[in-house]
Amino acid sequence: MTMIDSMLDRVGHAMAGALTRQVSGYEPYTPSDYDTLWATLKPGDVLLVEGNQFVSSTIKYLTNSTWSHSALYVGHVLPRPRSGEERPRLIESNLGEGCVATPLSRYATYNTRICRPVGLTEEDRNKVVEFMVGKLGTKYDLRNIFDLLRYFFPIPVPSRFRRRMIALGSGDPTRAICSALIAEAFASVNYPILPEITRAPGRAHADSRYSRKEILHIRHFSLYTPRDFDLSPYFEIIKPTIQAGFDYKKLNWSGQVSQIDTLRARRSAERALRGG
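No experiment lies behind these values; they were computed from the predicted model shown. (Residues numbered from 1 in each chain as written. Predicted model: local features only at pLDDT ≥ 70, side-chain atom pairs only at ≥ 80, totals over all residues. Heavy atoms only, no water.)

Participant: Just to check I follow, could you spell out the confidence of the model for the protein chain for this structure?
Facilitator: Close inspection of predicted coordinates is inappropriate for parts of the model with low pLDDT. Taken over all residues, the pLDDT of the protein chain has a mean of 76, while the share at 70 or more is 57%. Per-element averaging of pLDDT across the protein chain places helix 7 (residues 172–175) at the bottom with 46 and helix 4 (residues 122–134) at the top with 97. Counted against residues more than four places away or in other chains, residues 169–176, with its pLDDT under 50, gives 29 contacts. (pLDDT = per-residue confidence, 0-100. Helix = DSSP H or I, 4+ residues; strand = E, 2+ residues; numbered from the N terminus. Contact = heavy atoms within 4.5 Å.)

Participant: Explain the packing of aromatic side chains here, please?
Facilitator: Aromatic ring pairs are reported here in terms of the distance separating the ring centres and the angle at which the planes meet. In total, this model carries 6 aromatic pairs according to the counting rule given. Between Phe-186 and Phe-229 the ring centres are 6.5 Å apart and the planes differ by 55 degrees, which places this aromatic pair in the tilted class. Separated by 43 residues along the polypeptide, Phe-186 in helix 8 (residues 178–187) and Phe-229 in helix 10 (residues 226–231) bring together distant segments of the chain. Taken individually, Phe-186 and Phe-229 each receive the classification buried, so the pair is uniform in this respect. Seen from their ring centres, Tyr-191 and Phe-235 are 5.5 Å apart, and the 85 degrees between their planes marks the pair as edge-to-face. (Phe/Tyr/Trp six-rings, centres within 6.5 Å; stacked < 30°, edge-to-face > 60°. Buried < 20%, exposed > 50% of the residue type's maximum accessible area, 1.4 Å probe, protein only.)

Participant: Would you mind showing me how to read the nonpolar core here?
Facilitator: Here is a general trend for soluble globular proteins: nonpolar side chains tend to be buried in one another's company. Counting 26 residues, the largest nonpolar core has Val-46, Leu-72, Met-132, Ile-182, Phe-186, Phe-229 and Phe-235 as its most contacted members. For this core, the secondary-structure elements that each account for two or more residues are strand 1 (46–49), helix 4 and helix 8. The element best represented in this core is helix 8, accounting for 5 residues. Dropping the residues within four chain positions of it, Val-46 is found in contact with Ser-70, Ala-71, Leu-72, Arg-113, Ile-114, Cys-115, Ile-182, Phe-186, Phe-229 and Phe-235. (Core = buried A, V, L, I, M, F, W, Y, C linked by side-chain atoms within 4.5 Å.)

Participant: Could you clarify how one ought to interpret a nonpolar patch on the surface in this entry?
Facilitator: Together, Ile-242, Phe-246, Tyr-248, Leu-251 and Trp-253 make up a nonpolar patch on the protein surface, roughly 580 Å² of accessible area in all. What makes Tyr-248 exposed here is its relative accessible area of 52%. (Patch = residues over 30% accessible without salt bridge, like charges linked within 9 Å, V, L, I, M, F, W, Y side chains within 5 Å. Areas by Shrake-Rupley, 256 points an atom, 1.4 Å probe, with all protein chains shown as cover. Salt bridge = Lys/Arg side-chain N within 4 Å of Asp/Glu carboxyl O.)

Participant: Before we go on, may I ask you to explain the pattern of salt bridges in this structure?
Facilitator: As a working rule, side chains carrying opposite charge can pair if their charged atoms are close by. This model, assessed by the stated rule, comprises 5 salt bridges. Among the ionic pairs, Arg-125 bridges to Glu-122, the shortest N-O distance being 3.9 Å. Note that Arg-125 and Glu-122 are positioned in helix 4 at a spacing of 3 residues, about one turn of the helix. One salt bridge connects Glu-123 with Lys-127, and the closest N-O pair in it is separated by 3.5 Å. A residue pair is termed a helical-turn pair when its members lie 3 or 4 positions apart in one helix, as Glu-123 and Lys-127 do in helix 4 at 4 residues. A relative accessible area of 40% places Lys-127 in the partly exposed class.

Participant: I'm lost on the pairing of strand 4 (residues 98–102) in this one. Help?
Facilitator: In regular strands, side chains alternate between the two faces of the sheet. Summarising burial for strand 4: 4 of the 5 residues are buried, a large majority. Of the pairings in the sheet, the one linking strand 3 (residues 90–94) to strand 4 comprises 5 bridges and is antiparallel in character. Counted as the bridge partner of Ile-91 is Ala-101 from strand 4. Hairpin connection from strand 3 to strand 4: 3 residues lie between these consecutive antiparallel strands, with Gly-96 at a positive phi of about 90 degrees. (Pairing = 2+ DSSP bridges.)

Participant: Sorry, what's going on with the packing of helix 4 against helix 8 here?
Facilitator: When two helices pack together, their arrangement is given by the angle between the helix axes and by the axis-to-axis distance. At their nearest, the axes of helix 4 and helix 8 sit 8 Å apart, and the two run at 135 degrees to each other. In terms of orientation, helix 4 lies oblique with respect to helix 8. The two elements helix 4 and helix 8 meet at a crossing, and its hand is right-handed. Counted together, Val-128, Phe-131 and Met-132 of helix 4 and Leu-181, Ile-182, Glu-184, Ala-185 and Phe-186 of helix 8 form the full contact between these two elements. (Axes fitted to C-alpha atoms, helices over the stretch in contact; angles between N-to-C directions. Parallel < 35°, antiparallel > 145°, perpendicular 65-115°, else oblique. Left-handed = near helix turned anticlockwise from the far one by under 90°.)

Participant: Whenever I open this one, the sheet that holds strand 2 (residues 69–73) confuses me. Can you help?
Facilitator: Within a sheet, adjacent strands bond to each other through the backbone by hydrogen bonds, running parallel or antiparallel. On the basis of which strands lie adjacent, the open sheet formed by 6 strands has the order 4-3-2-1-5-6 and antiparallel pairing. Both edges of this open sheet fall to strand 4 and strand 6 (235–238), since each of them pairs with a single strand only. When the angles between neighbouring strand axes are averaged without regard to direction, this sheet yields 30 degrees. The sheet contacts of helix 4 involve strand 2, strand 3, strand 4 and strand 5 (112–117), and relative to strand 2 the element is tilted by about 120 degrees. Together, strand 1, strand 2, strand 3, strand 4, strand 5 and strand 6 form the strand contacts of helix 8, whose direction differs from that of strand 2 by roughly 40 degrees.

Shown next as structure tokens:
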């Protein structure tokens, strides 16, 4: 490595550290039920995460989305660490880390969403998982400073250009963005994420020239973002609380509880006045 490469590498690591620092004050919108989440996930599911890092806010802005990160659930294929710690069940690509395996508990307190590929065969599901396992250890090229700079400046950008800002640069940081790597895994078995748009008469078509060009352009995996799995007509949104069996009649609302207590107190007072 030359002196310039070494300097760029150090600067890149410093920038990655600044981008991945956590933002204080983050709280999930709804409490996370980790046990239910764990019981609901299946290998091949994409877990979307509302991150709380500095870079997360920029990704949310550039993608017009709540979701700033995505990971693939791989089930039991990875061994449990010899230290006895929790088995890693997610494979994800993180800035500064590259492609790594992490335990599900890492996102136990975050807002998450499960996106499940519909109709994916068992054989192709295994291939998608194997693809991600094969990418473990892939690192970001942190010397590509231009790829990192775009996350520091969430300047006002027209919506139609924001997605392309995710793909600025030409190094591994673009290629290894969390959602791009997962999109590449599904592309390896020809599983669609966004629909094909055609102009043939009698078939679905875009309402505008811009929409048509945009959707055709983002077929390449390098331009996929976390929200694309949420929007995809081929991925089912799985709600753990519903999958576990939901009965709204069993919910205890604070207002209802107080009304019951008030009624009981009133009846007790009435009995006391009657002497009974």
